[in-house]
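Listed below, chain by chain, are the residues.
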Amino acid sequence: MPETRIGRLFERLRGEGRKGLIAYLTAGDPAPERTPALAAALERGGAALIELGVPFSDPVADGPVIQRGAARALKAGTRLRDVIEIARRIRRQSEIPLLLFTYLNPVLRYGFEALARDAAAAGIDGCLLTDLSVEEAAPHVEAMRRAGLDTVFLAAPTSTPERLKLVAKYSSGFIYLVSRTGVTGESATLGDAVAPLVASVREISGLPLAVGFGISRPEHVAQVCRVADAAVVGSAFVHLIERNLEDASLEARLEAFTRELTAPLGEAQR
Amino acid sequence: MISQPDAGGHFGPYGGRYVPEVLMAPLEELERAYQEARRDPAFQRELDDLLANYAGRPTPLYLARRLSETLGGARLYLKREDLLHTGAHKINNCLGQVLLARRMGKRRVIAETGAGQHGVATATVCALFGLECVVYMGEEDMRRQRLNVFRMRLLGAKVVAVSSGSRTLKDAISEAMRDWVTNVLTTHYLLGSALGAHPYPVMVRDFHSVIGVETRRQIFEREGRLPDAVVACVGGGSNAIGIFHTFIPDEQVKLIGVEAGGRGPALGEHAARFSGGAPGVLQGAYSYLLQDDDGQIALTHSVSAGLDYALVGPEHAWLHDRGRAEYVSAGDGEAIAAARTLATTEGILPALESAHAVAEAIRRAPEAKGQIFVVNISGRGDKDIDIYRENLKDLDA
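Reading the values: rules and limits
- Residue positions within a chain follow its written sequence, with the count starting from 1.
- Each chain is given a letter, starting from A, and each ligand a number, starting from 1, according to the order in which they appear as written.
- Totals for whole chains, interfaces and linings use every residue, but because this is a predicted model, local features are given only for residues with pLDDT of at least 70 and side-chain atom pairs only at 80 or more, for both listing and counting.
- Calculated side-chain values reflect all of the structure's heavy atoms, with hydrogen atoms and water omitted.
- Detection works on a 1 Å grid of protein atoms alone, calling trapped sets that fit a 1.4 Å probe cavities and calling open sets with protein on both sides within 12 Å along at least five of seven lines pockets, with lining residues defined by an atom within 4 Å of a point.
- Grid points are joined across faces, edges and corners, and a volume is the space filled by probe spheres set on the points.
- Residue type decides the class: Asp, Glu, Lys and Arg count as charged, Ala, Val, Leu, Ile, Met, Phe, Trp, Tyr, Cys and Pro as nonpolar, and the leftover types, Gly among them, as polar.
- Helix and strand definitions here come from DSSP, where helices need a minimum of 4 consecutive H or I residues and strands a minimum of 2 consecutive E residues; each element is numbered from the N-terminal end.
- In summary, the pairing rule links any two rings of Phe, Tyr or Trp, Trp by its six-membered ring, whose centres are within 6.5 Å, and it sorts them by plane angle into stacked for under 30 degrees, edge-to-face for over 60 and tilted for everything else.
- When a carboxyl oxygen of Asp or Glu lies within 4 Å of a side-chain nitrogen of Lys or Arg, that pair is called a salt bridge.
- Under the scheme applied here, a residue whose accessible area is under 20% of the maximum for its type counts as buried, over 50% as exposed, and between as partly exposed, the area being computed with a 1.4 Å probe on protein chains only.

(A) Representation of empty space enclosed by the protein within the structure. Applying the stated criterion across every chain yields a total of 8 cavities of 30 Å³ or more. Size it by volume and the largest cavity reaches roughly 300 Å³. Taken together, 29 residues line the largest cavity, and the ones lying closest to its centre are B:His89, B:Lys90, B:Ser238, B:Gly306 and B:Glu353. Broken down by class, the residue content of the lining of the largest cavity amounts to 9 nonpolar, 16 polar and 4 charged. One number sums up the size of the second largest cavity: a volume of about 130 Å³. Lining the second largest cavity are 19 residues, with A:Tyr176, A:Thr184, A:Phe213, A:Gly234 and A:Ser235 positioned closest to its centre. Contributions of two or more residues to the lining of the second largest cavity are made by β9 (230-233) and α11 (235-243) of chain A. Looking at the lining of the second largest cavity residue by residue, the classes come out as 9 nonpolar, 7 polar and 3 charged.

As structure tokens, this is what we get:
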């Protein structure tokens, strides 16, 4: 029996022959107090795991949509400690696995040990650091593991076989495969890099594999989940939030869109 | 002491490689290509030929007699990088990296620029080698450095305005990194300072170390001894590390880096990373960084776009902690006054960046009778005429 919520999620999905939708939100966008309700809408729509993005002033791996989301969250005063508080509030109402998704510098400032302790206490289940390479990751991985948290790393189409082995070695919970070279953002079609990348990581790791970047439509989710265990959608959610900032039905729209995205997974289940 | 990074690109704790996984293998490839090129005598011959016959090396080491006499202390020598083709030291690194890009089969080159000098140098070498060139530049810097924007376009480069964040150098680097992460298979990122992920800090330093090597030879020819101090401005720190590096083992030579003191010591008003910052990670490297207590990157200010950046190059952080180099700052007003002094005593108008180094030399020289200082004039001031005009209204009546 896996020790973490993330491990148990993928074991359950595997047992049921199902795939999962991972949903990314920039925590604090448009304001910290709004995020728990938005997360609940994602869960009602069928999301299996929520990535809570920590807003950062200089998000080099993100496209314009998530850059703007981070800017709104920062303008609303969202700090790393507020993101942990948001997680605590989500955890009071839900058992959905939560993955902290962040750039390194806010974590360095907070401290690896302090973050691991506070994240675990708040009910966060793991952490992914976008700009922390496996070469530099030992202090982070040790602190997270001691606190019983998963460490998710990115694998990319450019990763060499040697690098994929390191990514697999340091990852727990699942491995996040980047579908293409590029930054986060919606795209019309998915490239053909996904299947070969999934195949090469399967050869060296038994961990569940999620695929993200550029996935914004139900057909993308279906396509990815033919080979991977989960699909990650981020910018499409942040974009929807951005378009409906003043709309009282934002949560309902988010839930409906999530349901559209997870529909192909329901069919797979039947 | 000698200063070389470990296999992971660390100078002590600083430097390293902090980038998204997509860029890790390309950085490894770049490092391998660079190491092979360094060992290839044909590569070095071609670079030396371009440096001599295209860029105009060696640059003079000029004894500034009138300025020295005015100050009444140290003898000041100026290393005239401002006389290089394109008007600044930046061309040294651009020629090295463009040869490397060609060797790696990359047909497209991207770069960031702050003051525009690196963008102009990149556009220049891309024209020389027939490569596609895209330069990212913050909107605020485009406003401050209009002339250089036009120069880049005239040289055939595309200049992309960056409107995110503070709309300065930091944001231009982020946008260049986003382009690189997307087009990494066809594109070489010609980073212009001793910043970023390994191997950039060491590679950029190596391509600029010719500045110090020449200076050392020239000062021996002129004075028969080492200088007492070498002074250079530090934004990312490429001209400074270029002139410092050869002198690092010569412990008797003081190495003095001058950061931008801007308008004052409050966070957001300057770019003095050593006095106002703390170690952190920005855009690939771990070094002294201006940030708030939540780890968000602070805004910076300097009258000089080339020094207006939140992180200092990692080798400087290491030299600072080891006590081998000293880092001070000069404010906007001091830099402008120093430029005016140099112009009126020697007929040399320095870039605003280089004027910060001149300001520190002017401050120290009166107390240093019998000593020899070398000041790196990393660029010429023509690009800054508009800013000098705005700040010296008495001349513009």
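(B) Up close: the packing of aromatic side chains. Residue and element names in this part refer to chain B. The tally for this structure, following the rule as stated, stands at 15 aromatic pairs over all chains. Measuring from ring centre to ring centre gives 5.7 Å for Tyr14 and Tyr286, while their planes differ by 20°; the resulting arrangement is stacked. In this pair, Tyr14 sits in strand β2 (residues 14-18) while Tyr286 sits in strand β12 (residues 284-289), placing the two residues 272 residues apart along the sequence. On the basis of an interplanar angle of 70° and a centroid distance of 5.7 Å, the ring pair of Tyr34 and Phe207 is categorised as edge-to-face. Taken together, the positions of Tyr34 in helix α1 (residues 21-39) and Phe207 in helix α9 (residues 200-208) put the pair 173 residues apart, joining distant regions of the chain.

(C) Molecular detail of the pattern of salt bridges. Counted according to the given criterion, the structure contains 54 salt bridges over all chains. Its salt-bridge partner being A:Arg18, residue A:Glu16 comes within 2.9 Å of it at the nearest N-O pair. A relative accessible area of 39% means that A:Glu16 is categorised as partly exposed. What makes A:Arg18 partly exposed here is its relative accessible area of 25%. Close ionic contact of B:Glu334 with B:Arg363 constitutes a salt bridge, the shortest N to O distance being 2.5 Å. Placement of B:Glu334 in helix α14 (residues 332-346) and of B:Arg363 in helix α15 (residues 352-364) is noted, with a sequence separation of 29 residues between them.

In short, geometric facts, not functional conclusions.
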